Structures are given as C-alpha cells and as structure tokens.
Amino acid sequence: MPLRLIKLGLKGTKDEPRFFPPSKELESHYDVVIIGGGGHGLACAYYLARDHGIRNVAVLEQGYLGGGNTGRNTTIVRSNYLTPEGVKFYDASLRLFQDLSTDLDINLFYSTRGHFTLAHSDDAMRTMRWRAEVNKHYGVDSAVVDRQAVADAVPGIDLECGGSPSVMGALYHAPGAVARHDAVAWGYGRAAAQRGVELHQKTRVTGIQQQGGRVVGVDTDRGSISCGAVVSMVAGSTPRIADMVGLPTPIEVFPLQACVTEPVKPFLNTIVVSGSLHVYVSQSSRGELVMGSAVDPMVLHSTRSTFEFVEGLADHMVDLLPFTARMRVNRQWAGMSDMTPDFAPIMGTTPLDGFYLDAGWGTWGFKATPISGKTMAATVANGVNDELIEPFRYSRFADFQMVAEKGAASVGH
Ligand code: PYC
C-alpha cells in the first residue's frame, strides 16, 4: 500500500486537495441556475464561465454528480447520423470530445475504435448508403462496407447470426469512439468549479417561480433562490421539471438497460451495433464487454434492472458472437431515456422567458455532452438559440418541422 495512503489513514483528517470544493449553503441569488448535475449541466456551466464570463452560476443536482444517465450509458461517441442537422451537431460534439482530455486536464480514456452498424436486409443496406452519403457530404468519415470487412474486424462473429437474418454489410464510421463517462462529468464539474461555478449535490428542485411571464427563482428542498435564468438539463426528469412551469412536451420516458460481462483478454477493437438483433457492444479498457439493447417497451420512470433484459440480450449476443455464451454478466443497470417523437433533442429557448430546455436525449445524450453544453451556454448568454441547435427548437412540434432522426438510432426502439 502506498505510504501516502497509510499516512492519510492514520491521520484521520481530510486535508487532501478535494476534486470538488466542499459543499456550502445556497446563495440567495444566481444569474443562472442549471437543474441537473450530469454531463450536460456541468458542461453548460463550464462553457458559461469559460466562454461567456458568466460565473455566478449554480448547478443543482438531486443526487450526486454524474449519477443519472451520464454514468449509466454505454459510452459510445459517434456522428454518423441521418439528417443534416443531426450530422452537423454530433460531429461538432465528436470534435470537442477529441480534445477534451487536454481541455479539462483529466484522462477521459477517449479511445477511437471505429463503429460498425450492421445491416441484415436490403432495406437496412439502403439506409446505410443513405447515411453514408449524408455523412460524407458533411465531411464525416462513413462508408458502406461488405460483410467480409465486418468478419475481418470482429473476431468470432457469426455472419449467419445463428439463423436470424444474416449480416449483409455495414455502415463503418472510423471516428466512432468510447470514453470514460464518469470522468466527463468530473472533468467538466471540476473545471466549472475552478471558474467559480457552485455545484450543489443532494439539492432537489421542488418548484420554479415565475413573474410576468418570466422565470424569477427556484424552490429547492434546501431553500429558495432568485435567479435570472433557469436551464433544465435533467434527461428522464424532464416531464417533472417542465410540469413545474406548465410547459407541455411530447417526451415519454422509457428505461434503457445495459450490462457488463466479466473481464476477458482484449479481442474486440471496435464498436458493433446490430439494429436487427437489438444489441450494441464494445470492450472496455478493463476487458469487460459493455452491452446494451433497445429501451424497455413501456413508459416507466424507473432505473430498475430486469432479468428479462439480460436474457433477451444474451440470446441475441450469442447469435452474433457465439463464444460469448460462456461469459458471465457481472453487473447491470438502467437509465431513463426521455424520448421525443422524431428522435431528435429539444433544445434552447421556450415560450417562458428565461427558461431554457435541454431534453429529449433518448439513448444518445452522452455523445452530445460537449456540444450541448457549449451551444446551450451560448444560447443562455445571448438569449437566442445557437445556430446549431435552432433545428431542435421547442416550437418545431407545433410547426410540424420535425427532424426525423429515427433512422440513425443505434438499435430499433
Ligand atoms: O445511439 O450510439 C447510440 C447508442 C448507443 C447506445 C444507445 N444508443
């Protein structure tokens, strides 16, 4: 055991430098209150302080930092979307991710692996060609590859899928990556706190005060505060927060489950997704297979795990990678996905002055973390939607200007 650790244990005091500043009482006023201390909320706080000099900011988190969807996803970063709006947005995010370890001075274990989305039918191949063309048009590295390229990259794969429709080819996205998801929240949180932002964990928002058509304050279980703006960045809790200000959204919340196996020797150097088999899998730097499937089929505000999920996932994993039949699942968990009808987020200003929404992240919120923080910060600072998020505006449902991103969802939901 390191000597430093023994000394610290014997001393019994906590004078080590802390990663985050110690908690303190809430102030009576903040310029901006961000509800939600996940990746998006912490990133927004960081860019508000760094890019716009807005530092009188409080992030309110009902649990612990990064304890919601940020720490519950399968860490995939990609920008091979289907719509021009989606491709541009997620590509900007991926580019920010590539420099983020340096930017935040923390090792995010960002690992570019390449990302295969398997096609098991002519229809799926057509969608992959469509996605590849849109991607290339916007400078994103994506190409349709044949089944041999999949076999070469994925050791042990059964291209016949154990009798399910076989693999015909894939969309290959070379920049596809994985990252250490908790560290993204920690890095943004620390960098925001270093710039004066206050992080308040275990602080639950119970109400939002309005006056004359604008937001003026927030009630919490630790007291009330006045503020100039409120940004809701709470994923599965969006309906609860939106209800507080009487803002209807088309969001429905579904659990999304995931699991990891015991660690095994490194063998899988890429990310594999099969929409038909409803699985996605990558191997972590510790050797575990990190796996997920579609959202649960019913609306539910819960992060409970089920045996049915592991059973169904294992069934499909064995079709794809037969040798995984002998592997054990070590852990499973769930997050809450706030799904929109067009599978695109809802971002930016709302009809209520000073109330901003960053929601509808469904199963793709992690990969949007840097760019959602950056564009939401610019939107709050300027009071108008950043150009990149204008297509995701709240009013698009009333105007029938949907973004139709469903074709790029990782698995059929
Ligand atoms: O869209 O990349 C994705 C994804 C991964 C897991 C769930 N969705």
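Structural notes, computed from the coordinates. Sequence order as written defines the numbering, with residues in each chain counted from 1. Reporting of local features is limited, given that this is a predicted model, to residues whose pLDDT is at least 70; pairs of side-chain atoms are given and counted only at 80 or more, and all residues count toward the totals for whole chains, interfaces and linings. With hydrogens and water excluded, all non-hydrogen atoms of the structure serve as input to the side-chain values.

1. A short note on the site of the ligand
One heavy atom within 4 Å of a molecule or strand is enough for the residue carrying it to be called near that molecule or strand. The immediate surroundings of the ligand are formed by Thr74, Ile76, Arg78, Tyr280, Thr363, Lys367 and Ser410. Here a polar contact is recorded for every N or O atom pair within 3.5 Å, except that within protein the pair must consist of a potential hydrogen donor and a potential acceptor, and residues adjacent in sequence are included only if both atoms are side-chain atoms. Between the ligand and threonine 363 there is a distance of 3.0 Å, counted from a nitrogen atom to a backbone nitrogen or oxygen. At 3.1 Å from an oxygen atom of the ligand is found a side-chain nitrogen or oxygen belonging to lysine 367. A total of 240 Å² of accessible area belongs to the ligand in isolation, and the protein chains cover 97% of it. Here the residues of the shell around the ligand are counted per class, giving 2 nonpolar, 3 polar and 2 charged. Per-residue accessibility takes into account occlusion by the displayed protein chains alone, with areas from the Shrake-Rupley method and a 1.4 Å probe. Note on residue classes: Ala, Val, Leu, Ile, Met, Phe, Trp, Tyr, Cys and Pro are nonpolar, Asp, Glu, Lys and Arg are charged, and everything else, Gly too, is polar.

2. Considerations on the sheet that holds strand S3 (residues 76–77)
A sheet is described by the order of its strands in space; here 3 strands give the open sequence S3-S8-S4, paired in antiparallel fashion. In the strand order of this sheet, the two ends are held by S3 and strand S4 (111–112), each with one partner. By the convention used here, strands pair only if DSSP detects at least 2 bridges between them. Strands here mean DSSP runs of E at least two residues long; helices mean DSSP runs of H or I at least four residues long; both are numbered from the N terminus. Strand direction decides the pairing type here: S3 and strand S8 (residues 177–178), joined by 2 bridges, are antiparallel. The residue bridging valine 77 from the neighbouring strand is alanine 177, located in S8.

3. Let's talk about the pairing of strand S11 (residues 214–220)
Looking at chain direction, strand S10 (residues 205–211) and S11 are connected through 6 bridges and run antiparallel. The partner of valine 205 across the bridge, within S11, is threonine 220. Between S10 and S11, which follow one another and run antiparallel, lie 2 residues, and glycine 212 among them has a positive phi close to 55°. Relative to strand S12 (residues 223–232), S11 is paired through 4 bridges, and the arrangement is antiparallel. Residue pairing across strands places aspartate 219 opposite serine 224, the latter belonging to S12. Counted between consecutive antiparallel strands, the loop separating S11 from S12 contains 2 residues.

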